[in-house]
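Inside the fold
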Amino acid sequence: MSPWWRPEAGVSPCHANRLRSRRGPRRRGRAVFATWTFTWVAVLLLAVLVLSAPELTAAKKAPRKETDLARAFGYTEREISKLKAGQVMPPGGCSDPKDSDFFARFRPYEEIEKFLRDRLCQLRREIGSVGSSCEVVEIGHSVEGRPILAIEIRNEEALAAAKASGKTKKKEKAALITGSLHAREWTSTTSVLLTIMRIDVTDVSVFAIPVINPDGYVYTWSGEKQIKKKWSKGAVVEDEVEARYWRKNRRVNPDMTLGVDLNRNFGSTSAIWGTDKKSKSINLTESDIYQGTGGFSEPETRALRDYHKKHKKRIVSFFDVHCCIGALLEPFSREGKAPDYVFKTGQVVIDAINTKAPPDAKYEWRPRPVSSASGSGISSSWAYQEARIPFTYVVELRGKFVERCSEIKPIANEILLGFRALLKELSRMESIMAPQPPKNEAALRVSPADSTDVELADVATTSQKPHQGSSTSHKAMFFLLGLICLAGGYFFKTKTEKLV
Ligand SMILES: *[C@@H]1O[C@H](CO)[C@@H](O)[C@H](O)[C@H]1NC(C)=O
Ligand SMILES: [Zn+2]
């Protein structure tokens, strides 16, 4: 008979134990019993450890002050104190403040607004970006009354030529790119700004909203501190955060707390807004993900919704820029996996971005979350399922919320490449993309196999990457093994007690 650490061939440790216990536990006595109990406990502990590992790491990460991040970047204490004061101009990564290069550093909101109203269109001409028409429009107002600005860039000649050649009988196509839905994600705004300054526009127009959440953005420059709360392990935990890390808008909630997470506020129906029935934080007004009192309760999300409504027939792509995962996210849809053309075009965008992205920070495709809860009130859930924008993506930039100024241009230039590739794809697909988004549920369930929309199916390829399997099943298996072993141990224990 083999010892406990070398079970009989072909017999699992758990099973072997049961066999042995039948063969006479009395002989092995307490020592063996102790050994086995020890093993069960160890297995169980290991299982628990593995299962709770992500939570442990999360718990460790949570209290990490963002100033640590700055330290990790090599900022000096003096620079960090400036960061705290909201003047994010750490000398380490920034040029002389007198440098006229707009992208040499991050800019307060007034400078961005001025740049959009007075400089951008002129700059486009000066540097020779293709696309003659450039217009600034106000699409709504924030909670605090700031105008929300959109830029519309067209190439009238190319549009006229496309029409004349019969290439397109329908209205113009446009790609919408947006930034700073979340206030602290400054690189999203700089990336949108640089992209629309340099992008060549031909027969696909570009609409851009560089700062959807101006109030939040302004607040991130205030140097203030604010209490933030969230539900964690059955209790509300409180944390003081610097304004630089403010995420929401500046709504004064009914209970006098501040802010609604705009990226939980989209959706006209209960199928899109409020689908997360589990997260308690989503209804906690002081949490970072407070969803608001209803879908589109906020003027900022309404502005986007109404702007889309106005250009419903034109907008074929929505490119919502966020930070900081380093990925392109597939929109959530309760209708199931997106058709292949969404994935394929996304892959083209990622490849373009990755030609420039640093080797250790390549962008990845993130398949849609498995549950509708994860898509609750999110911009892309609305854009894809309600606004029916076929090419809907959330871009999660690489980098950090507090990014070095020297990274502004590299990050933005990568997005420029990605967006350029997207426009090229949309242009190539122009005849198919004359936007007739599916109007009902059934029509949205378009897939290459059962598609009635032959043109869209033509675009699709079979190159879909296998979506990543989750490690949850492994964990579940591990846990189950632990449980079985524990049960075995208990069974053995009671037997031994009777016998000894
Ligand atoms: C949040 O509040 C809404 C409306 O009061 C409610 O329907 C929903 O179930 C709540 N969600 C959670 C996760 O408690
Ligand atoms: Zn974000």
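On a predicted model such as this, the values are computed, not experimentally measured, just so you know.

**Concerning the overall build of the protein chain**
What the protein chain contains, in helices and strands, is 16 helices and 10 strands. Counting only residues that meet the buried cut, the protein chain has 52% of its 500 residues in that class. Look at the contacts in the protein chain between residues 6 or more apart in sequence, and 74% of them connect residues 24 or more apart. Entry remark: accessible area of the protein chain is about 23,400 Å², with carbon and sulfur atoms responsible for 57%.

**Things to note about the state of the cysteines**
For the coordinates displayed, the defined rule picks out two disulfides. At a sulfur-sulfur separation of 1.9 Å, the disulfide partner of C121 is C134. The sign of the S-S torsion, about -70°, decides the handedness of the disulfide formed by C121 and C134: left-handed. Note that C121 is positioned in helix α5 (residues 109-127) and C134 in strand β1 (residues 133-141), a separation of 13 residues in sequence.

**Points about the pairing of strand β10 (residues 391-397)**
Of all the seven residues making up β10, seven are buried; the element is thus mostly covered by neighbouring parts of the structure. The alternating pattern of β10 places F391, Y393, V395 and L397 on one face and T392, V394 and E396 on the opposite face, and all of these are buried.

**Overview of the UniProt feature "active site" (unreviewed entry) in the protein chain**
Under the UniProt annotation, the feature "active site" (unreviewed entry) is placed at E396. Within the secondary structure layout, E396 lies in strand β10. Not counting the four nearest positions on each side in its chain, E396 is found in contact with H322, C323, C324, I325, G326, A327, L329 and Y363. Of note is the side chain of E396, whose polar atom sits 3.4 Å from the backbone nitrogen of C323.

**Section: the site of ligand 1**
D276, K277, K278, S279, N283 and Q291 make up every residue found near ligand 1. A distance of 2.4 Å separates an oxygen atom of ligand 1 from a polar side-chain atom of N283. Here ligand 1 loses 47% of its free accessible area of 360 Å² to cover by the protein chains. Residue composition of the shell around ligand 1, by class: no nonpolar, three polar and three charged.

**A short note on the coordination of the zinc ion (ligand 2)**
Taken together, H182 (ND1), E185 (OE), E185 (OE) and H322 (ND1) make up the full set of protein donors to the zinc ion (ligand 2), lying 2.0 to 2.3 Å away. Note that the zinc ion (ligand 2) binds four donor atoms; their angles at the metal cover 57 to 146°, and the shape is irregular. Between consecutive donors of the zinc ion (ligand 2), the numbers of intervening residues give the motif H-x2-E-x136-H. With a gap of 140 residues between them, H182 in the loop between β3 (173-178) and α7 (186-198) and H322 in strand β7 (residues 315-323) connect regions that are remote in the sequence. A relative accessible area of 3% places H182 in the buried class.

**Overview of the side chain of E172**
Assignment of secondary structure puts E172 in the loop between α6 (156-164) and β3. Look at E172 and you get buried, because its relative accessible area is 13%. A polar contact of 2.9 Å, which involves the side chain of E172, links it to the side chain of R154. Here the side chain of E172 touches R314 through a polar contact of 3.1 Å, side chain to side chain.

**Brief notes about the packing of aromatic side chains**
For the structure on display, the rule yields 18 aromatic pairs. With centroids separated by 6.3 Å and ring planes inclined at 45°, the aromatic side chains of Y217 and W221 adopt a geometry described as tilted. Under the relative-accessibility criterion, Y217 is labelled buried at 2%. Looking at W221, the relative accessible area reads 18%, which means it is buried.

Quick notes on the rules
Residues numbered from 1 in each chain as written. Chains lettered and ligands numbered in written order. Predicted model: local features only at pLDDT ≥ 70, side-chain atom pairs only at ≥ 80, totals over all residues. Heavy atoms only, no water. Helix = DSSP H or I, 4+ residues; strand = E, 2+ residues; numbered from the N terminus. Buried < 20%, exposed > 50% of the residue type's maximum accessible area, 1.4 Å probe, protein only. Contact = heavy atoms within 4.5 Å. Areas by Shrake-Rupley, 256 points an atom, 1.4 Å probe, with all protein chains shown as cover. Disulfide = S-S within 2.5 Å. UniProt positions renumbered as here; feature names shortened; annotations may be inferred. Polar contact = N/O pair within 3.5 Å; in protein donor to acceptor, adjacent residues only side chain to side chain. Near = heavy atom within 4 Å. Nonpolar A, V, L, I, M, F, W, Y, C, P; charged D, E, K, R; others polar. Donors = N, O, S within 2.8 Å, 3.2 Å for Na, K, Ca; no water. Tetrahedral: all angles 85-135°; square planar, octahedral: opposite > 155°, others 65-115°. Phe/Tyr/Trp six-rings, centres within 6.5 Å; stacked < 30°, edge-to-face > 60°.

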